[in-house]
Amino acid sequence: MQIFDSQTRAQQYLLRIVPKGYHHHTGGTVAAHKLDELAYKFSEKYDTDIKDVRRYTLRKKKVATSRFLVCQLPDGRYLWFLVATDGSGRIHEEETLRDARLSSERLIWNGEYILLKTNRPSFFGGGKHWSWWMLPTTQQEISAYVDHLAKEGDPRLKSYLAELQHRPLHSGVRLQLGKIYRRAHRILQACHPEMPWPGPDMNKPLPWLGKFLSAKKTTVATDAETSGGLASLSEEKQKATKPARYTRASLEDLLRAEEARMLERQKKLPI
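Keep in mind that what you see is a predicted model, and the values were worked out from it rather than measured. (Residues numbered from 1 in each chain as written. Predicted model: local features only at pLDDT ≥ 70, side-chain atom pairs only at ≥ 80, totals over all residues. Heavy atoms only, no water.)

1. Considering the overall build of the chain
Argument step 1. Along the backbone of the chain there are eight helices and eleven strands.
Argument step 2. Classification of the 271 residues of the chain by burial places 39% in the buried group.
Argument step 3. Put simply, of all contacts in the chain between residues at least 6 apart along the chain, 65% involve residues at least 24 apart.
Argument step 4. When the accessible surface of the chain is summed, it comes to about 16700 Å², and 52% of that surface belongs to carbon and sulfur atoms. (Helix = DSSP H or I, 4+ residues; strand = E, 2+ residues; numbered from the N terminus. Buried < 20%, exposed > 50% of the residue type's maximum accessible area, 1.4 Å probe, protein only. Contact = heavy atoms within 4.5 Å. Areas by Shrake-Rupley, 256 points an atom, 1.4 Å probe, with all protein chains shown as cover.)

Dropping the structure here:
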């Protein structure tokens, strides 16, 4: 079992393992006093605490492997996810799992965020990538409230925009917030041209999410060891490579290189 002390860290972890094959998922919430029992159940039935070397061996044999992770909510309950890979095994026989690759079975975080695989812009390398996005209902609620504050010239706009900056700024969320900010900025300029924009600099990109911080991994204890409850956790920070920041010059170099590759491919086509 892996316990995360923040939503951002747990979402980053899912963002790492889902693209690596852990597409099948189920989840829910559990009271703190029942977490030990649930963790023990999944560990005994689905081997959620085995070592990575064992996982690799099982996956080569086309046997499903699984992971169990939890994150504490503000109300004291724990949000939990049980994820698994393709393959045979008890977890696919005994659990009703959804597939994060299917549009109707996406992995959703507490009714606010959704994990999606989308196209990456060509000047960032193209292809597809996974990211967290706010659900459309969440985005619409935020946008409507920000628009209202901007239209009224409400002084609360500054504090609310600052609060939005504390959301997990995954690439998908950054795109959505950028759209919300640009619209509110236009409304404020039209309705209250004398008021300065209280939000982020519109000429600069929103900040990146930051370094990945790992959770403390704990193995579920045996019956004789469970009397002490969950083991105390200490935070461990791991350095992660920051996403590349592209300048205008570097983007132009990428575009020129892509154009040169296209010309080379065209030369090789049969006439």
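2. Observations regarding the sheet that holds strand S8 (residues 128-134)
Argument step 1. Spatial ordering of the open sheet is given by S6-S7-S8, a layout of three strands whose pairing is antiparallel. Every interior strand has two partners, whereas the edge strands, strand S6 (108-109) and S8, have only one.
Argument step 2. Pairing of S6 with strand S7 (residues 113-119), which is carried by two bridges, proceeds in the antiparallel orientation. Bridge pairing links tryptophan 109 to tyrosine 113 in S7.
Argument step 3. The strands touched by helix H1 (residues 7-17) are S6, S7 and S8; relative to S8, the strand with the most contacts, the crossing angle is about 150°.
Argument step 4. Contacting S7 and S8, helix H7 (residues 171-191) runs over the sheet at an angle of about 55° to S8. (Pairing = 2+ DSSP bridges. Axes fitted to C-alpha atoms, helices over the stretch in contact; angles between N-to-C directions.)

3. Considerations on unusual backbone geometry
Argument step 1. Non-glycine residue lysine 62 carries a positive phi angle of around 65°.
Argument step 2. For asparagine 110, which is not glycine, the phi torsion reads 50° and is therefore positive.
Argument step 3. Residue position: asparagine 110 is located in the loop between S6 and S7.

4. Here's the deal with the pattern of salt bridges
Argument step 1. Applying the stated criterion across every chain, the model contains eleven salt bridges.
Argument step 2. Between arginine 77 and aspartate 75 there is a salt bridge, and its shortest N-O distance comes to 2.7 Å.
Argument step 3. Across the pair arginine 101 and aspartate 86 runs a salt bridge whose closest N-O atoms are separated by 3.5 Å. Taken together, the residues span a long stretch of sequence, with arginine 101 in the loop between strand S5 (98-99) and S6 and aspartate 86 in the loop between strand S4 (78-84) and helix H4 (90-94) at a distance of 15 residues.
Argument step 4. According to the relative accessible area criterion, arginine 101 is partly exposed, its value standing at 37%. (Salt bridge = Lys/Arg side-chain N within 4 Å of Asp/Glu carboxyl O.)

5. Re the pairing of strand S3 (residues 66-72)
Argument step 1. Among the seven residues that make up S3, six are buried, leaving the element largely enclosed by the rest of the structure.
Argument step 2. Examined bridge by bridge, strand S1 (residues 2-4) and S3 share three bridges and lie parallel to one another. Looking at the pairing, isoleucine 3 lines up with valine 70 of S3.
Argument step 3. As judged from the seven bridges shared by S3 and S4, these two strands associate in the antiparallel manner. Looking at S4, one finds that cysteine 71 is bridged to leucine 79.

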